[in-house]
Amino acid sequence: MKEIILVKNGELVLKGLNRNTFEDILIKNMKKHLLPIGDFTFTKSQSTIMVEPQNEDIDLDDAASALEKVFGIAALSRAAVCEKDMADIIRTAKEYLAEELSLAKTFKVEAKRSDKQFPLKSPQISSELGGELLAKFHNLKVDVHNPDVLVTVEVRDRYAFVRGNNIKGAGGMPTGTSGRAAVLISGGIDSPVAAYMMAKRGIELVAVHFASPPYTSELAEMKVMELLKKVAAYCGTITAYVIPFTKIQEAIRDNCPEEYFTLVMRRIMMRISERIAQKQNCTALITGESVGQVASQTIYALACTDSAANMPVFRPCIGMDKDEIVATARKIDTFETSIQPYEDCCTVFTPKHPKTRPKCEDVEAAENLIPDLDRLTQEAVETAKKTFVR
Ligand code: ATP
Ligand code: MG
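About the criteria used
Residues numbered from 1 in each chain as written. Chains lettered and ligands numbered in written order. Predicted model: local features only at pLDDT ≥ 70, side-chain atom pairs only at ≥ 80, totals over all residues. Heavy atoms only, no water. Buried < 20%, exposed > 50% of the residue type's maximum accessible area, 1.4 Å probe, protein only. Helix = DSSP H or I, 4+ residues; strand = E, 2+ residues; numbered from the N terminus. Pairing = 2+ DSSP bridges. Patch = residues over 30% accessible without salt bridge, like charges linked within 9 Å, V, L, I, M, F, W, Y side chains within 5 Å. Areas by Shrake-Rupley, 256 points an atom, 1.4 Å probe, with all protein chains shown as cover. Salt bridge = Lys/Arg side-chain N within 4 Å of Asp/Glu carboxyl O. Lys, Arg positive; Asp, Glu negative; His and termini not counted. Charge placed at Lys NZ, Arg CZ, Asp CG, Glu CD. Phe/Tyr/Trp six-rings, centres within 6.5 Å; stacked < 30°, edge-to-face > 60°. Lys NZ or Arg CZ within 6 Å of the ring centre and 35° of its normal. Disulfide = S-S within 2.5 Å. Near = heavy atom within 4 Å. Polar contact = N/O pair within 3.5 Å; in protein donor to acceptor, adjacent residues only side chain to side chain. Right-handed = clockwise from strand over helix to strand, strands pointing away.

Topic: the pairing of strand E1 (residues 3-9)
Stage number 1. Among the 7 residues in E1, 5 count as buried, and that is most of the element.
Stage number 2. Across 7 bridges, E1 lies against strand E4 (residues 73-82) in antiparallel orientation. Considered in E4, the bridge of Leu6 is made with Ser77.
Stage number 3. Of the strand pairs in this sheet, E1 and strand E3 (residues 48-53) are connected by 4 bridges, and their pairing is antiparallel. Its bridge partner being in E3, Lys8 is matched across the sheet by Thr48.

Below you can see the structure in the form of structure tokens.
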């Protein structure tokens, strides 16, 4: 039996945005996600995109799981292709939906007929197929309002399709439809969630990670790459930079009052990230900060960090509780990796008594105590290691 995947667009019907361009970007993204699985053709038709495997060895389970993570897809469903003939439609539905229907209590048939030449009208198709299914599956009753299984029959120009329930898609907008932004990524729980949330809005990601060897280990860096890989499963390839941060952290430790260590470090991180962002045509920064989580994330501290950047800084976790952030981290499968205990550069020289109500001018004064900061910053940008995570 020939099977295909039908994809329903999400928010593509946005005002002022060209639907065709959006769909083309979505198809390009789907192709990339399906590349390791096999060859497919893509056909646009009304608000649906038909994804057809090009040979019989292709595993549609794998294809559907890959597509479930593509932003811009509201829902997808697998469908059996059959002849435009009522007997074939009935035979296909009985066979193709056997498992789904035998586990259900209620069902409903919905028919759509875009080929008006088809001899039966939609309500007739529904009632004929419904009757046949009731006769075969004795566990079933009809429920037109809230069925366990919605059987859909579509009679189109060349074929008819039979399908059961939809699978929910990743939602959001296709990656690449909303520009580019650089995410400051640590090995923690929050920043991968922040990256995912902004990528879901169609933003293409560049990642910046600060590493301070030997204070932070190679394993910590690998953990960050692992996290980015999980996010890339949704948004496609991420360009990642690892910034050598040891000299700067040592300079902070040697020159600044301890209570300002973290904030000075944060501000320098912002500036370096902004330089990388400019190089990469990004127009915003993203962080995983959330109000009140730690001393460096009071609104006073955030104001000091924010003023170091000239670009807008998106903090999608800002109003979320830890529980909510963790729930998203579990959903996107980053949580277990995030909780592996490796040092982050943020925890290397932490002050015993950080300022929770810092004044920006005091933090700036502390920062100005570092000799040669511009040169150190420049050097960090120039010696950054660039990789592609996919
Ligand atoms: P996370 O769980 O994302 O690490 P957090 O609540 O632990 O966040 P901090 O460690 O204070 O908070 O970091 C706040 C934000 O600063 C992070 O969300 C991230 O965007 C950025 N950040 C922290 N450490 C690094 C790092 N080593 N490299 C890049 N960005 C970092
Ligand atoms: Mg952290």
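Points about a negative patch on the surface
Stage number 1. Side chains of Glu258, Glu259, Glu361 and Asp362 sit close together on the surface and give a patch of like negative charge.
Stage number 2. Structurally, Asp362 is set in helix H13 (residues 360-367).

Comments concerning the packing of aromatic side chains
Stage number 1. Using the criterion set out here, one finds 5 aromatic pairs in the structure.
Stage number 2. Ring centres of Phe71 and Tyr196 lie 5.6 Å apart, and the angle between their planes is 55°; on these two criteria the pair is classed as tilted. Of the two residues, Phe71 is situated in the loop between helix H2 (60-67) and E4 and Tyr196 in helix H6 (residues 190-200); the sequence distance between them amounts to 125 residues.
Stage number 3. Classification of Tyr196 by relative accessible area gives buried; the value is 4%.
Stage number 4. When the centroid spacing of 4.7 Å and the interplanar angle of 55° are considered together, the rings of Phe210 and Phe245 count as tilted. Here the residue Phe210 occupies a position in strand E11 (residues 204-211), and Phe245 occupies one in the loop between strand E12 (238-244) and helix H8 (246-255), the gap between them amounting to 35 residues. Across the pair, exposure class does not vary: Phe210 and Phe245 are buried alike.
Stage number 5. Among the aromatic residues, ring-to-ring pairing joins Phe71, Tyr196 and Tyr234 into one connected group.
Stage number 6. Taking NZ or CZ as reference, Lys69 lies 5.4 Å from the ring centre of Tyr234, over its face.
Stage number 7. The ring of Phe137 carries the charged tip of Lys136 above its face, separated from the ring centre by 5.6 Å.

Points about the state of the cysteines
Stage number 1. Inspection of every chain in the model, using the stated rule, returns 0 disulfides.
Stage number 2. No disulfide involves Cys317; its nearest neighbouring cysteine sulfur is the one of Cys346, lying 15 Å away.
Stage number 3. Residue class for Cys317 comes out buried when judged on its relative accessible area of 0%.

Here we look at the site of ligand 1
Stage number 1. Lining the immediate environment of ligand 1, one finds 21 residues, of which Leu184, Ser186, Asp190, Ser191 and Gln293 sit closest.
Stage number 2. At a separation of 3.5 Å, a nitrogen atom of ligand 1 approaches a polar side-chain atom of His209.
Stage number 3. Residue Gln297 places a side-chain N or O atom 2.9 Å away from an oxygen atom belonging to ligand 1.
Stage number 4. For ligand 1, the protein covers 90% of the area, taking 570 Å² as the surface of the free molecule.
Stage number 5. Among the elements of the structure, H6, E11 and helix H9 (261-279) are those that each provide at least two residues to the shell around ligand 1.

A closer look at the pairing of strand E10 (residues 180-184)
Here is the key point about a regular strand: its side chains alternate between the two faces of the sheet.
Stage number 1. Here E10 lies mainly inside the structure; 4 of its 5 residues are buried.
Stage number 2. Regarding topology, H6 serves as the crossover connection from E10 to the parallel E11, and that connection is right-handed.
Stage number 3. Bridge analysis of E10 against strand E13 (residues 285-286) gives 2 bridges, and the strand direction is parallel. Note that in E13 the partner of Ala182 across the bridge is Leu285.

So, the pattern of salt bridges
Stage number 1. This model, assessed by the stated rule, comprises 25 salt bridges.
Stage number 2. Across the pair Lys44 and Asp24 runs a salt bridge, and its minimum N-O distance is 2.8 Å. Remark: Asp24 occurs in helix H1 (residues 19-34) and Lys44 occurs in strand E2 (residues 40-45); sequence separation between them is 20 residues.
Stage number 3. For Lys44, a relative accessible area of 33% puts it in the partly exposed group.
Stage number 4. Residue classification places Asp24 among the partly exposed residues on the basis of a relative accessible area of 40%.
Stage number 5. With a shortest N-O distance of 3.2 Å, Glu379 and Arg375 are connected by a salt bridge. Taken together, the residues span about one helical turn, with Glu379 and Arg375 both in helix H14 (residues 373-382) at a distance of 4 residues.
Stage number 6. Among the residues examined, Arg375 registers a relative accessible area of 44% and is labelled partly exposed.

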